[in-house]
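Spelled out, the chains give:
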Amino acid sequence: MLETTIAAIRPADEAAMAAARELHGRLTKPAGSLGALEELSVRLAGLAGACPPPLPEPAAVAIFAGDHGVHAQGVSPWPQEVTAQMIGNFLAGGAVVNAFARQAGASVTVVDVGVATPLPTDAAVSDPAVSDAAVSDAAVSDAAVSDVAVSDVAVSDAAVLDPAVPRLVVASVRRGTRDLTVTAALTRDEALAAVRTGIRIADELIDAGAGILLTGDMGIGNTTPAAVLIAAFTGADPLDATGRGTGVDDPTYAHKVAVVRAALARHTPDPADPLGVLAAVGGLEHAALAGLILGAAARRTPVLLDGVIAVSAALAAAAFAPAAVDAMVAGHRSAEPGATVALRHLGLDPLIDLGLRLGEGTGALLALPVVTGAVRVLHEVATFDSAGVAEK
């Protein structure tokens, strides 16, 4: 599946991009007056291979959740149980991502790809599409993931993209990663299983009609492997790639940077081997997000990136398939410094900068109207000729 997905990813269509630039020149506005929105609409035309590109709607947020063995090193003050508790909150509609998703009319799919503690009972049974067979304490085989990554229970397209009802998919590869300071966080097969889960979720959402995918994440301690991934793929110093996550104090931050350095020294991850990097120092949600991005790129569907977890996964996706960057839109600039390092490496400019560092998909959701507006201009704004407006 990974190989066929990568093979389907193609660079942006230059003819469609040229057509979009030409159309912008004929619209009733001064040339270049919409700034970055114009180039964004051109990029989306290139992705779709059409001018104008399809409107990016409906929107679907995919929140991948996993836990991390490195939590044992004291890199976060929050207990690991919060990951499962927040899944319950997502499904009850009580998180910030839910509030923003309701505002945007976006559906929310929560994917347990590796949560360490049991989900709340009401969360575990909140969606009849959840397959109990998907839950396993041990790593599942590559073949098994093809059966459990998305439930076999039939779900209507309307249910998949229902903005009123958050949906849970259980696709647990293992109950959290191993401690990356001691050993590889995942085996290559486990990392591959998580990537494949992300691809399958992308396919499911796009098949149901989603016009744009938004990345979300949940996992206590996940900014530490994100920092290692960013340093590994960009060559950045760990001090530049590591942030304070949920707001750790100075001693904890210094310790966190030391943990990132130690992980890099132990594993010496090779950016030319993205699956190996994900296995050695990544998280299950990072690997699944990389798969989601690849899946969207293969289907020529835009994927709106959230914060530092998303952009660390985007680095892996770009290492698998450089042309996948053409499907990526940077929603916002996270307050985590590693996010800026990663965006610079990817050549992406964020649409908004509000000092956010929550994750969940919140920044991507706030940026969604900007993306929609950029495309709507090409669909709805009159040309000088059609409006009878004189040009200069």
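Residues numbered from 1 in each chain as written. Predicted model: local features only at pLDDT ≥ 70, side-chain atom pairs only at ≥ 80, totals over all residues. Heavy atoms only, no water.

Colleague: In this structure, what is going on with the overall build of the chain? I would like to understand it.
Modeller: Scanning the chain from N- to C-terminus turns up 18 helices and six strands. Its C-alpha atoms give the chain a radius of gyration of 20 Å, within 12% of the compact-globule value 21 Å for 392 residues. Dimensions of the chain, computed from C-alpha atoms along their principal axes, come out at roughly 70 × 45 × 40 Å. Here the chain, with 392 residues, has 59% of them falling under the buried criterion. Taking the contacts inside the chain whose residues are at least 6 apart along the sequence as the reference set, 80% of them involve residues at least 24 apart. Working note: accessible area of the chain is about 14,300 Å², and carbon and sulfur atoms make up 55% of it. (Helix = DSSP H or I, 4+ residues; strand = E, 2+ residues; numbered from the N terminus. Rg over C-alpha atoms; globule rule 2.2 N^0.38 Å. Buried < 20%, exposed > 50% of the residue type's maximum accessible area, 1.4 Å probe, protein only. Contact = heavy atoms within 4.5 Å. Areas by Shrake-Rupley, 256 points an atom, 1.4 Å probe, with all protein chains shown as cover.)

Colleague: Help me out: how do you make sense of unusual backbone geometry in this one?
Modeller: One can expect most non-glycine residues to show negative phi and most peptide bonds to be in trans. Looking along the chain, the bond that leaves Cys51 and enters Pro52 is cis, with omega of -5°. Within the secondary structure, Pro52 is located in the loop between helix 3 (36-48) and strand 1 (59-66). That bond from Glu57 to Pro58 is cis: its omega, -5°, falls within 30 degrees of zero. Note that Pro58 resides in the loop between helix 3 and strand 1. Phi is positive for Thr268, which is not a glycine, with a value near 35°. Tracing the backbone shows Thr268 in the loop between helix 12 (250-267) and helix 13 (274-281). Classification of Thr268 as exposed rests on a relative accessible area of 60%.

Colleague: Explain the packing of helix 10 (residues 223-234) against helix 16 (residues 337-346) here, please?
Modeller: The description of two helices packed together rests on the angle between their axes and the distance between the axes. Interaxial distance between helix 10 and helix 16 falls to 10 Å at its minimum, and their mutual angle equals 35°. Helix 16 is crossed by helix 10, and the crossing has left-handed handedness. In this structure, helix 10 contributes Ile230, Phe233 and Thr234 to the contact, and helix 16 contributes Gly338, Ala339, Val341, Ala342 and His345. Across the contact of helix 10 with helix 16, the residue classes break down as five nonpolar, three polar and no charged. (Axes fitted to C-alpha atoms, helices over the stretch in contact; angles between N-to-C directions. Left-handed = near helix turned anticlockwise from the far one by under 90°. Nonpolar A, V, L, I, M, F, W, Y, C, P; charged D, E, K, R; others polar.)

Colleague: It is not clear to me how the sheet that holds strand 6 (residues 328-330) should be interpreted in this structure. Could you clarify?
Modeller: Hydrogen bonds along the backbone pair up the strands of a sheet, which may run parallel or antiparallel. Ordered in space as 3-2-1-4-5-6, the six strands form an open sheet in which the pairing is parallel. This sheet does not close on itself; its edge strands, each paired only once, are strand 3 (167-170) and strand 6. Between one strand axis and the next, the sheet turns by 25° as a mean value, whatever way the strands run. Of the pairings in the sheet, the one linking strand 1 to strand 2 (residues 107-114) comprises seven bridges and is parallel in character. The residue of strand 2 that forms the bridge with Ile63 is Val110. (Pairing = 2+ DSSP bridges.)

Colleague: Mind showing me how you'd approach the packing of helix 2 (residues 14-26) against helix 3 here?
Modeller: Viewed as axis vectors pointing N to C, helix 2 and helix 3 meet at an angle of 145°, and their least axial separation amounts to 7 Å. When the axes of helix 2 and helix 3 are compared, the crossing they make is right-handed. Contacts between helix 2 and helix 3 involve Ala16, Met17, Ala20, Arg21 and His24 from the first element and Glu38, Glu39, Ser41, Val42, Ala45 and Gly46 from the second. Here the residues of the contact of helix 2 with helix 3 sort into five nonpolar, three polar and three charged.

Colleague: Honestly, the packing of aromatic side chains in this entry has me stumped. Any pointers?
Modeller: The geometry of two aromatic rings is summed up by the distance between their centres and the angle between their planes. Applying the stated criterion across every chain yields a total of zero aromatic pairs. Against the face of Tyr253 rests Arg244, its NZ or CZ located 4.7 Å from the ring centre. (Phe/Tyr/Trp six-rings, centres within 6.5 Å; stacked < 30°, edge-to-face > 60°. Lys NZ or Arg CZ within 6 Å of the ring centre and 35° of its normal.)

Colleague: Can you help me understand the nonpolar core in this one?
Modeller: Generally speaking, nonpolar side chains in soluble globular proteins are found buried as a group. Of all hydrophobic cores here, the largest spans 87 residues; its most connected members are Leu205, Leu213, Leu278, Leu292 and Met328. Those residues within four positions of Leu205 in sequence are excluded, and the remaining contacts are Ala60, Ala62, Thr109, Val160, Leu161, Arg167, Ala210 and Leu213. Core analysis: the next-biggest nonpolar cluster, separate from the first, contains 36 residues, Ala106, Val115, Leu368 and Val371 among them. (Core = buried A, V, L, I, M, F, W, Y, C linked by side-chain atoms within 4.5 Å.)

Colleague: Just checking my understanding: could you explain the pairing of strand 3 for this structure?
Modeller: Alternating positions in strand 3 separate into two faces, Arg167 and Val169 on one and Leu168 and Val170 on the other, with burial throughout. Bridge analysis of strand 2 against strand 3 gives four bridges, and the strand direction is parallel. Each residue of the ladder has a partner; that of Asp112, found in strand 3, is Val170.

Colleague: Can you help me understand the pattern of salt bridges in this one?
Modeller: Pairing is possible between side chains that carry opposite charge, provided their charged atoms lie close to one another. Taken as a whole and assessed by the stated rule, the structure comprises 14 salt bridges. For Arg167, the salt bridge is made with Glu204, and the minimal N-O distance between the two is 2.9 Å. Of this pair, Arg167 sits in strand 3 while Glu204 sits in helix 9 (residues 188-207), and the two are 37 residues apart along the sequence. Overall, the relative accessible area of 16% leaves Glu204 in the buried class. Of the charged contacts in the structure, one is a salt bridge between Arg299 and Asp203, with a shortest N-O distance of 3.1 Å. Here Arg299, found in the loop between helix 14 (284-298) and strand 5 (303-305), pairs with Asp203, found in helix 9; they are 96 residues apart in sequence, far enough to count as distant. Owing to a relative accessible area of 35%, Arg299 belongs among the partly exposed residues under this scheme. Within this structure, Glu57, Arg376 and Glu380 form a network of salt bridges that share partners. (Salt bridge = Lys/Arg side-chain N within 4 Å of Asp/Glu carboxyl O.)

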